[in-house]
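Structural overview for review
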Amino acid sequence: MNTEFSELDKMLYVQITEEIDHHTTEKLRRKMDYEITRFMPRKVVFDFGKVTFMDSAGIGLLIGRYKLAKMLGGSTRIVNASKSIKKVLEMSGVVRIIPIEEKVC
Amino acid sequence: MKSLYDNEMELSFLSKSNNEAFARITVAAFAAQLDPTIEELADIKTAVSEAVTNSIIHGYEDKEGIVKVKAKLLENTIEIEVTDSGKGIEDIELARKPLYTTKGNLERSGMGFTIMESFMDEVDISSVVGIGTRITMKKTIKKSEKEEQIEEEKNALID
């Protein structure tokens, strides 16, 4: 996972590079929470372009980070999700609170 | 003894979370014999991941145990069985419900069974409290247009 924070628009860009399952979420959660609480971004963008697998553990992970970012005054977005990842996201309804955007960041 | 199936395999591993990836990748490699699309393969991987994760965090509750995964192929259908000797499910109907989870504190979404059910054609749960749980899932891989065409041509020749 790599992150970049843009001071100008207070945007935290999070590029996830690992497969997302129950095993990997704990580490991802810790890293993401550290960055979100450190920068208190106005907008968090999760880039799924390099994610080759995600199961329902990813839904819990995203909802948790959405809550934290929201509490600190920020919104969340997902970009570059593959067809199979979109299928998991759409089924769970998580896209209603974290919209998927097509644009490449 | 001749198997009723075209092919079979069995895996047995410790209930460690890093085996979740091992299990789904192995089953996907085995399922590749049916020539599935990338999407069908992703469906199988996700369903296996959900079932194995359930055994590890709910069945064994992070204690050590053995998770067994069997996969069988018959024509263009794959049957996958995930078994644990963990604590079992008290109320299967409740466990199947979307968003129901007993592990909300771990940020579990409660979508595991819903995903298995929508990504596979059939999902059967049998569980006995104190004995364990077995999930059986089936998925039929659709034949590609090219294969159908070849079959039609073959049939035409026979006629």
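Presented here is an overview of the structure given in this document. (Residues numbered from 1 in each chain as written. Chains lettered and ligands numbered in written order. Predicted model: local features only at pLDDT ≥ 70, side-chain atom pairs only at ≥ 80, totals over all residues. Heavy atoms only, no water.)

**Quick notes on the overall build of chain B**
A count of helices and strands for chain B gives five helices and five strands. Along chain B, helices and strands appear, N-terminal first, in the series β-α-α-β-β-α-α-β-β-α. Dimensions along the principal axes, computed over C-alpha positions, put chain B at roughly 60 × 35 × 25 Å. For chain B, the residues scored as buried account for 45% of the 159 residues in total. The long-range fraction of contacts in chain B, counting pairs at least 24 apart against all pairs at least 6 apart in sequence, stands at 64%. Summing over all exposed atoms, chain B offers an accessible surface of approximately 8800 Å²; the carbon and sulfur share of this is 51%. Averaged over its 20 positive side-chain charges, chain B has a centre that lies 5 Å from the centre of its 31 negative ones. (Helix = DSSP H or I, 4+ residues; strand = E, 2+ residues; numbered from the N terminus. Buried < 20%, exposed > 50% of the residue type's maximum accessible area, 1.4 Å probe, protein only. Contact = heavy atoms within 4.5 Å. Areas by Shrake-Rupley, 256 points an atom, 1.4 Å probe, with all protein chains shown as cover. Lys, Arg positive; Asp, Glu negative; His and termini not counted. Charge placed at Lys NZ, Arg CZ, Asp CG, Glu CD.)

**Considering the pattern of salt bridges**
Summed over all chains, the structure comprises 17 salt bridges over all chains. The closest approach of N and O atoms between glutamate 61 of chain B and lysine 87 of chain B, which form a salt bridge, is 3.4 Å. With glutamate 61 of chain B in the loop between α2 (38-59) and β2 (66-74) and lysine 87 of chain B in the loop between β3 (77-84) and α3 (92-96), this residue pair connects regions lying 26 residues apart in the sequence. Overall, glutamate 61 of chain B belongs to the partly exposed group, its relative accessible area being 34%. A relative accessible area of 42% means that lysine 87 of chain B is categorised as partly exposed. Taken together, the salt bridges that share partners define one network made up of Arg29, Asp33 and Arg65 of chain A together with Glu107 of chain B. (Salt bridge = Lys/Arg side-chain N within 4 Å of Asp/Glu carboxyl O.)

**Quick look at the sheet that holds β3 of chain B**
Residue and element names in this part refer to chain B. The sheet built from five strands is open, its strands ordered β1-β2-β3-β5-β4 with antiparallel pairing. The two strands at the open ends of the sheet, each matched to only one other strand, are β1 (7-14) and β4 (122-128). With strand direction ignored, the average angle separating the axes of adjacent strands in the sheet is 10°. Judged from the eight bridges that link them, β1 and β2 form a sheet pairing that is antiparallel. Of the residues in β2, the one forming a bridge with glutamate 10 is lysine 70. Helix-sheet contacts for helix α4 (residues 112-119) involve β4 and β5 (132-140), and the interaxial angle to β5 is about 30°. (Pairing = 2+ DSSP bridges. Axes fitted to C-alpha atoms, helices over the stretch in contact; angles between N-to-C directions.)

**Observations regarding the packing of helix α3 (residues 83-92) of chain A against α2 of chain B**
Axis separation between α3 of chain A and α2 of chain B bottoms out at 10 Å; the angle between their running directions is 50°. In terms of their interaxial angle, α3 of chain A and α2 of chain B are classed as oblique. Read as a crossing pair, α3 of chain A and α2 of chain B show a hand that is right-handed. Contacts between α3 of chain A and α2 of chain B involve Lys83, Ser84, Lys87 and Val88 of chain A on the former and, on the latter, Glu39, Ala42, Asp43 and Thr46 of chain B. Of the residues in the contact of α3 of chain A with α2 of chain B, the class split is two nonpolar, two polar and four charged. (Parallel < 35°, antiparallel > 145°, perpendicular 65-115°, else oblique. Left-handed = near helix turned anticlockwise from the far one by under 90°. Nonpolar A, V, L, I, M, F, W, Y, C, P; charged D, E, K, R; others polar.)

**Some details on the pairing of β5 of chain B**
All names here are of chain B. Judged from the eight bridges that link them, β3 and β5 form a sheet pairing that is antiparallel. Its bridge partner being in β5, isoleucine 78 is matched across the sheet by lysine 139. Sheet analysis places β4 next to β5, joined by seven bridges and oriented antiparallel. Looking at β5, one finds that serine 126 is bridged to arginine 134. The loop that links β4 with its antiparallel partner β5 comprises three residues; one of these, glycine 130, has a positive phi angle of about 85°.

**Concerning the interface of chain A and chain B**
With 21 residues of chain A at the interface, the matching set in chain B holds 25 residues. Here chain A and chain B share an interface that buries about 1900 Å² over both sides, 53% of which is from carbon and sulfur atoms. Put simply, chain A and chain B have six salt bridges between them. A salt bridge links glutamate 107 of chain B to arginine 65 of chain A; the shortest N-O distance between them is 3.0 Å. Listed by contribution, the elements that provide at least two residues to the side of chain A that touches chain B are α1 (22-39), α2 (56-71) and α3 of chain A. (Buried area = accessible area lost by both parts, 1.4 Å probe.)

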